[in-house]
Amino acid sequence: MTRHVMVETRKRVVRKVRKGVLKSPAFYFFLLVLVALLFHGRFQRFYHDLPEPEVVPDGGISLVGDLPGYRTGSGYELTARLSSRLPTRIYHYLATKYYDLYRHNYARGRLLTQFVRIDENQLSEIHWMVADACSVLQVHDVPEVYLGTGADPGILVTNFRDPVLIVNSDMVWAFSSEELRFLLAREVAHIRCEHVFLLDMIGGLSGTLDVAIPDYLAGVLFAIMGGDLLEWREEAEICADRGGLAVSGNIHAASTALVKLNVGADVETRYGSPDAELFANQIDDLGESKVTSTSAALSELRNANPFLTARTHHLLGWYEKNRRLFMERSRRPQTAAVGRE
């Protein structure tokens, strides 16, 4: 056997073994155990060590400055720390990859030709919800809003240079107007807190891993490569939830909307409203198992609506500690008011 044939034979064997390994459940279980041992403490925090809901001072929820009352101090610090790294090579790479993904899925040309642009003359009540949230949260430029069928199952805020809201058409029938109002307001809170760039980076990382490698291995690498981004993501989503509640003042609609985000269905019509507190308490059943909690976190990391049980638990607690501020604060949108704001 010639040296060339031996080399080619060895390469074929290596490729076959590699392919077999990547298809082996045992290999992925080994990775899960390894990640559980190395990163278990971080993943436990996502569910069991949430920021403690604080009492807002008697003056009410401040909406001004870099640290408005709905924003957590740890969320603000994480955003500042990660933003200071923006010039680094990895963030430049992720930015490039994200905008490749953005141009493919949500370029303005595609939005204008395949989606419905919402404004004061088209689906004006939804436009009012966004404009009102911008007014309350002091976002000076109302973002463009589009309605259509997209890859994201809920509402996507993207393009940090000129933020755009993209509403999946399923949201219109699955959520009540008050629930949708809260969900739109929380996306405006992302803009107000300058979260959009880092959300775009997560989209770039997720999109790159989706294309390059098998699903579960992508989740493991996401956890390792994007650890700081993931820790930031939970804090950012908690801040956005609280910002949405600061706009609507309706805790029932807000908590029900969070419960339904991953379900994406109108269950109330036939079966009754889901219980947000019972949903939030589901995280107690995770227990202390390293493998169970790590597996749960890995599946959440690439979820468009991550850590909903933990976030619902936090939002209910924050509302309860500050109930006095929300009494008589529910500001329901009225059709007659559309266009007057």
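Residues numbered from 1 in each chain as written. Predicted model: local features only at pLDDT ≥ 70, side-chain atom pairs only at ≥ 80, totals over all residues. Heavy atoms only, no water.

**Q** Honestly, helix α6 (residues 124-137) in this entry has me stumped. Any pointers?
**A** Note on helix geometry: an α-helix contains 3.6 residues per turn, so any two residues three or four positions apart are oriented the same way. Given a rise of 1.5 Å per residue, 14 residues ought to cover 20 Å, and the 20 Å separating the end C-alpha atoms of α6 matches this to within 8%. Restricting attention to buried positions, one finds in α6 the residues Ile126, His127, Trp128, Met129, Val130, Ala131, Asp132, Ala133, Cys134, Val136 and Leu137. Once α6 ends, the next one or two residues include Gln138, with phi positive near 65 degrees. (Helix = DSSP H or I, 4+ residues; strand = E, 2+ residues; numbered from the N terminus. Expected span 1.5 Å × (residues − 1). Buried < 20%, exposed > 50% of the residue type's maximum accessible area, 1.4 Å probe, protein only.)

**Q** Help me out: how do you make sense of the layout of surface pockets in this one?
**A** Which parts of space are left empty comes out when a probe the size of a water molecule is rolled across the atoms. In this structure, the second largest pocket occupies an estimated 320 Å³ of space. Forming the boundary of the second largest pocket are 19 residues, of which Arg71, Thr79, Cys193, Glu194 and His195 lie nearest the centre. Of all the elements in the fold, those that place two or more residues in the lining of the second largest pocket are α3 (73-83), α8 (177-192) and α9 (196-212). It is α3 that provides the largest number of residues to the lining of the second largest pocket, a total of four residues. Split by residue class, the lining of the second largest pocket holds ten nonpolar, five polar and four charged. (1 Å grid on protein atoms, 1.4 Å probe; cavity = no way out; pocket = protein on both sides within 12 Å on 5 of 7 lines; lining within 4 Å. Points joined across faces, edges and corners; volume = space filled by probe spheres on them. Nonpolar A, V, L, I, M, F, W, Y, C, P; charged D, E, K, R; others polar.)

**Q** Would you take a moment to explain unusual backbone geometry for this structure?
**A** Among all residues except glycine, the phi angle is most often negative; among peptide bonds, the trans geometry is most common. Residues other than glycine seldom take positive phi values, yet Leu123 does so here, at roughly 50 degrees. By the secondary structure assignment, Leu123 is in the loop between β1 (116-118) and α6. The backbone of Gln138 sits at a positive phi, close to 65 degrees, despite the residue not being glycine.

**Q** Looking at this model, I keep getting lost on empty space enclosed by the protein. Mind explaining?
**A** Tallying each qualifying case throughout the model produces one cavity of 30 Å³ or more. There is about 40 Å³ of room inside the largest cavity. Lining the largest cavity we find twelve residues, and of these Tyr106, Gly150, Asp152, Ile166 and Asn168 sit closest to its centre. Ranked by the residues each element gives to the lining of the largest cavity, the list is headed by strand β4 (residues 164-168), at three residues. Partitioned by chemical class, the residues of the lining of the largest cavity number six nonpolar, five polar and one charged.

**Q** Looking at this model, I keep getting lost on the environment of Ser248. Mind explaining?
**A** Its place among the elements puts Ser248 in helix α11 (residues 227-248). Note: C-alpha distance between Ser248 and Arg186 (62 residues apart in sequence) is 9.8 Å.

**Q** Please explain the packing of helix α12 (residues 251-261) against helix α16 (residues 308-321) as it appears in this structure.
**A** When two helices pack together, their arrangement is captured by the angle between the axes and the distance separating the axes. Contact pair α12 / α16: the axes reach a minimum separation of 9 Å and the direction vectors enclose 175 degrees. Accordingly, the angle class assigned to the pair α12 and α16 is roughly antiparallel. In contact with Ile251, Ala254, Ser255, Leu258 and Leu261 of α12, α16 contributes Leu308, Arg311, Thr312, Leu315, Leu316 and Tyr319. Here the residues of the contact of α12 with α16 are counted per class, giving eight nonpolar, two polar and one charged. (Axes fitted to C-alpha atoms, helices over the stretch in contact; angles between N-to-C directions. Parallel < 35°, antiparallel > 145°, perpendicular 65-115°, else oblique. Contact = heavy atoms within 4.5 Å.)

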